[in-house]
Amino acid sequence: MKTVSIYGIGRVGGALAIALDRAGYSIHYLISSKPTKADLLASCLTSTPTVTDRIPPDLTSDILFITTNDPQIEQTAEKLATRLLTHPVVFHTSGSLASDALKRLQSKGLVTGSIHPLLSISDAIQGSASFRDAYFCIEGDPAAVEIAIELVNDLGGRHFSVSAENKALYHAAAVISAGHVVALFDLAVSLMEKSGAGELSKELLLPLISSTVTNLRSQSTEEALTGTFARGDVAAFHRHIASLKRTASKDEIMVYLLLAARSLDLAEFNGLGPLLADEVRSAISVAKTELR
């Protein structure tokens, strides 16, 4: 049975602890500046981990996860390098940082890597159930990658790798597909509320976004595109702009226009005629100019 300790008991660290415990790993230490929160998590495990706010120098776990916020990872690695007397394999779970954030530990002879679950985890308990069939981005020392693959397989997940220099680009793509989608949805809800739908706005839009995700599962992005720009409907575009000018900020209108241009590219790729495409593109360009 492999043993694991986790430094930083937030949403990701908590979800990992629960999921690994269920997968048959023994959780040794939960290291957290908030012991009460870690104690609560420990009560959800079949393992009996030690909860502490200090790094145990004699930590004997096979694997140590650093699941702190990104700005704290290198600082945590520095602490570990000066206090650890043992040599666990160390992973961090940042999406935007490569394993070289742990170079201080690497210089001490530890095997290091990164494992990033490509998921939106807003709660440790619910998040722990979402690892199965999820994708994990892994990179690092060859020995760390080998261990990471085994760990992901044990969680029922799927693994892939990107180069260290492209880790931030990978994460930017992930942020656009998740965090930015939430921000975009918030904007859509706000505009729907202003249209008069009121408290129903979120409920009205959720099935629409769900149907889009369903389409994306079986179609390419250009095939899944529907609506105004898929049809090249310039008259609808003008109505949108006139309405947005009455109710939305310049920044909100610019979001609409930037996405309109991207949608039009998709529509053209999917066969929208060049005359219609040029007409809509010209209208988008005029609207951008008027907004400045």
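Source: prediction; values computed, not measured.

Q: Sorry if this is basic, but what is going on with the pattern of salt bridges here?
A: Side chains carrying opposite charge are able to pair once their charged atoms draw close together. Across all of its chains, the model carries 8 salt bridges by this definition. With its nearest N and O atoms 3.2 Å apart, the salt bridge here joins Lys-2 to Glu-150. Highlighted residues: Lys-2 in the segment before strand 1 (3-7) and Glu-150 in helix 6 (residues 142-154), separated in sequence by 148 residues. Residue Lys-2 is classed as partly exposed on the basis of its relative accessible area, which comes to 29%.

Q: Honestly, the nonpolar core in this entry has me stumped. Any pointers?
A: Buried together is how nonpolar side chains tend to be arranged in soluble globular proteins. Leu-20, Leu-30 and Phe-65 are the most contacted members of the largest nonpolar core, which has 32 residues in total. Of all the elements in the fold, those that place two or more residues in this core are strand 1, helix 1 (11-22), strand 2 (26-31), helix 2 (35-42), strand 4 (63-66), strand 5 (89-92), strand 7 (135-140) and helix 6. Element by element, the count of residues in this core is highest for helix 1, at 6 residues. Those residues in contact with Phe-65 that sit more than four places away from it in its chain are Val-4, Ser-5, Ile-6, Tyr-7, Leu-16, Leu-20, Phe-91, Thr-93, Ile-115 and Leu-151. Phe-229, Leu-244, Tyr-256 and Ala-260 belong to the second largest nonpolar core, which has 19 residues in total.

Q: Mind showing me how you'd approach helix 1 here?
A: Because an α-helix completes one turn every 3.6 residues, residues spaced three or four positions apart along the sequence face the same direction. Between its terminal C-alpha atoms helix 1 stretches 17 Å, which fits the 16 Å expected from 12 residues at 1.5 Å a residue. The element helix 1 is extensively covered by neighbouring structure, given that 9 of its 12 residues are classed as buried. Listed as buried for helix 1 are Gly-13, Gly-14, Ala-15, Leu-16, Ala-17, Ile-18, Ala-19, Leu-20 and Asp-21. The inward-facing, buried residues of helix 1 contact strand 1, strand 2, helix 2, strand 4, helix 5 (124-128) and helix 6. Gly-24 sits one or two positions beyond helix 1 and adopts a positive phi of about 100 degrees.

Q: Any chance you could explain the side chain of Thr-68 here in plain terms?
A: Here Thr-68 lies in the loop between strand 4 and helix 3 (73-83). Since its relative accessible area comes to 12%, Thr-68 is described here as buried. Leave out the neighbours within four places in its chain, and Thr-68 touches Tyr-7, Gly-8, Ile-73 and Thr-76.

Q: In this structure, what is going on with helix 3? I would like to understand it.
A: When helix 3 is considered as a whole, its buried residues turn out to be Ile-73, Thr-76, Ala-77, Leu-80 and Ala-81. Buried residues along helix 3 cover an arc of 140 degrees about the axis, so they all sit on one side.

Q: Just checking my understanding: could you explain the packing of helix 12 (residues 234-247) against helix 14 (residues 274-291) for this structure?
A: Each pair of packed helices gets described by two things: the angle between the helix axes and the distance between those axes. Packing of helix 12 against helix 14 leaves a shortest axis separation of 10 Å and a crossing angle of 15 degrees. Comparing the axis directions of helix 12 and helix 14 gives the class roughly parallel. Taken as a pair, helix 12 and helix 14 cross one another with a handedness that is right-handed. Residue-level contacts link Val-234, Phe-237, His-238, Ile-241 and Lys-245 of helix 12 to Glu-279, Val-280, Ala-283, Ile-284, Ala-287 and Glu-290 of helix 14. Class assignment for the residues of the contact of helix 12 with helix 14 results in 7 nonpolar, 1 polar and 3 charged.

Parameters and conventions
Residues numbered from 1 in each chain as written. Predicted model: local features only at pLDDT ≥ 70, side-chain atom pairs only at ≥ 80, totals over all residues. Heavy atoms only, no water. Salt bridge = Lys/Arg side-chain N within 4 Å of Asp/Glu carboxyl O. Helix = DSSP H or I, 4+ residues; strand = E, 2+ residues; numbered from the N terminus. Buried < 20%, exposed > 50% of the residue type's maximum accessible area, 1.4 Å probe, protein only. Core = buried A, V, L, I, M, F, W, Y, C linked by side-chain atoms within 4.5 Å. Contact = heavy atoms within 4.5 Å. Expected span 1.5 Å × (residues − 1). Arc of directions from axis to C-beta. Axes fitted to C-alpha atoms, helices over the stretch in contact; angles between N-to-C directions. Parallel < 35°, antiparallel > 145°, perpendicular 65-115°, else oblique. Left-handed = near helix turned anticlockwise from the far one by under 90°. Nonpolar A, V, L, I, M, F, W, Y, C, P; charged D, E, K, R; others polar.

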